[in-house]
Amino acid sequence: MQQDIDTLERELTDAVQAAADRDALEAVRVQALGRQGRVTQLLKGLGAMAPDERRAAGQALNQVKGRLAEAIEVRRDALEHLEIADRLARESLDVTLPIRPEAEGRIHPVSQVMEEIFQICADMGLEIAEGPDIEDDFHNFTALNIPPEHPARQMHDTFYMERGEGEAEAMLLRTHTSPVQIRTMLAGPPPYRIVVPGRTYRCDSDQTHTPMFHQLEGLVIDEATHMGHLKGTLEAFCQAFFEVDEVKMRFRPSHFPFTEPSAEVDIGCSREGGRLLIGEGEDWMEILGCGMVHPKVLEACGVDSERYQGFAWGMGIDRLAMLKYGIPDLRAFFDCDLRWLRHYGFVPLDMPTLAGGLSR
Ligand code: DAH
């Protein structure tokens, strides 16, 4: 009998050790200690034994039962630890991995620069206004104090549409964003504080001109707006846009029909060593036209020019992008060459903000 018990214990202990997971271990436990289990069966058989034998065997069996229960407990703990270690290994996360592969698309420099400009202008309290690309003569020229036969019309290299049947005059592709000044003033009473981004068109093409290009127009009209505000606004704008503390600027007297007085603004730059530096240096670069809005323009829009006055400016957005990001040829902006876009474009998720940096 003792021999049988020893063999049984060895067998069952081996089975406990061999159980590869908790289910297998449970099966071994049932097989040994369950109601129909082998140890249980032997215990049940004790009643048929002689009293002496029964005591010895009973003691031995109960000890085996205790040892097996303990072995099962120990094995269960060990298996649990193994399972946890296995899950930790399988489910571990490398937090140093990038969230996702770098986005493939690129933001076009013109879109990037527009977004930068909006950030700056919104911070100054300017609202964004827009108007149509296809304009009429009144908004593009006449209301801006450029009457028919005015020589300034020649300088605009205008694309005219074909005159439609019954139309008194041909529509045209706007040659500047200035007509949106007119549309804004006709739409409601002053004050006005707007910037106008948009496409503009002129029949012209070389390294710094394309038939379609982008302008940013600004218009600020109120009762006490003066030329000092114009200067301060443009200075603050240039410092923010070029991300420098100081920008050397020069207001050069000029002429536009829709402003009086008028000026063109140059910023200091240097081209030493083939690198263009903005804001300092001995060279000058023209970046925009501006002036105090001509009373005739205000009157054409029904704005009382005795009471209201203000300033306007216009600049080329593509030109700003070329300057800031060192892009040599404007025509490439509109070639749709993916290699160019990959080189000069911007990562989509890096949105320009004043707080986080415009270009980074
Ligand atoms: N409209 C002018 C152009 O396209 C630029 C310009 C100059 C706009 C002076 C203005 C301004 O608002 O005041 O050449």
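Remember, it's a predicted structure, so these values are computed and weren't measured experimentally.

Take the pattern of salt bridges next. Counted under the stated rule, the structure contains 20 salt bridges. Residues E26 and R29 are paired through a salt bridge, measuring 2.9 Å at the closest nitrogen-oxygen approach. Of this pair, E26 and R29 both sit in helix α2 (residues 22-33), separated by 3 residues, roughly a single helical turn. For E26, a relative accessible area of 34% gives the class partly exposed. For D137, the salt bridge is made with R153, and the minimal N-O distance between the two is 2.7 Å. Remark: R153 occurs in helix α7 (residues 152-155) and D137 occurs in helix α6 (residues 137-140); sequence separation between them is 16 residues. One salt-bridge network, in which partners are shared between bridges, spans R250, R252, E264 and D266.

Parsing the protein into structural domains produces domain 1 (2-91) and domain 2 (109-344). Each of domain 1 and domain 2 has a C-alpha centre, and the two are 90 Å apart.

For the rest of this paragraph, the subject is the pairing of strand β5 (residues 212-222). Among the 11 residues that make up β5, 10 are buried, leaving the element largely enclosed by the rest of the structure. Sheet topology note: the β5/strand β10 (residues 309-316) ladder contains 8 bridges and is antiparallel. Residue I221 lies in a different strand from β10, and its bridge partner there is G310.

About the criteria used
- Each chain has its residues counted from 1, following the order in which its sequence is written.
- In view of the model being predicted, local features appear only for residues whose pLDDT reaches at least 70, and side-chain atom pairs are presented and counted only at 80 or more, with totals across whole chains, interfaces and linings using the full set of residues.
- By convention in this description, side-chain values take in all heavy atoms of the structure and omit both hydrogens and water.
- A pair is scored as a salt bridge if a Lys or Arg side-chain nitrogen falls within 4 Å of a carboxyl oxygen belonging to Asp or Glu.
- Under the DSSP-based scheme used, a helix requires at least four consecutive residues in state H or I and a strand at least two consecutive residues in state E, with every element numbered from the N terminus.
- Each residue is assigned to one of three classes by its accessible area relative to the maximum for its type, calculated with a 1.4 Å probe on protein chains only: buried under 20%, partly exposed between the two thresholds, exposed over 50%.
- Throughout, the edges of the domains are those of an automatic or database domain assignment.
- Strand pairing follows a simple DSSP-based rule, namely that at least 2 bridges must link the two strands.

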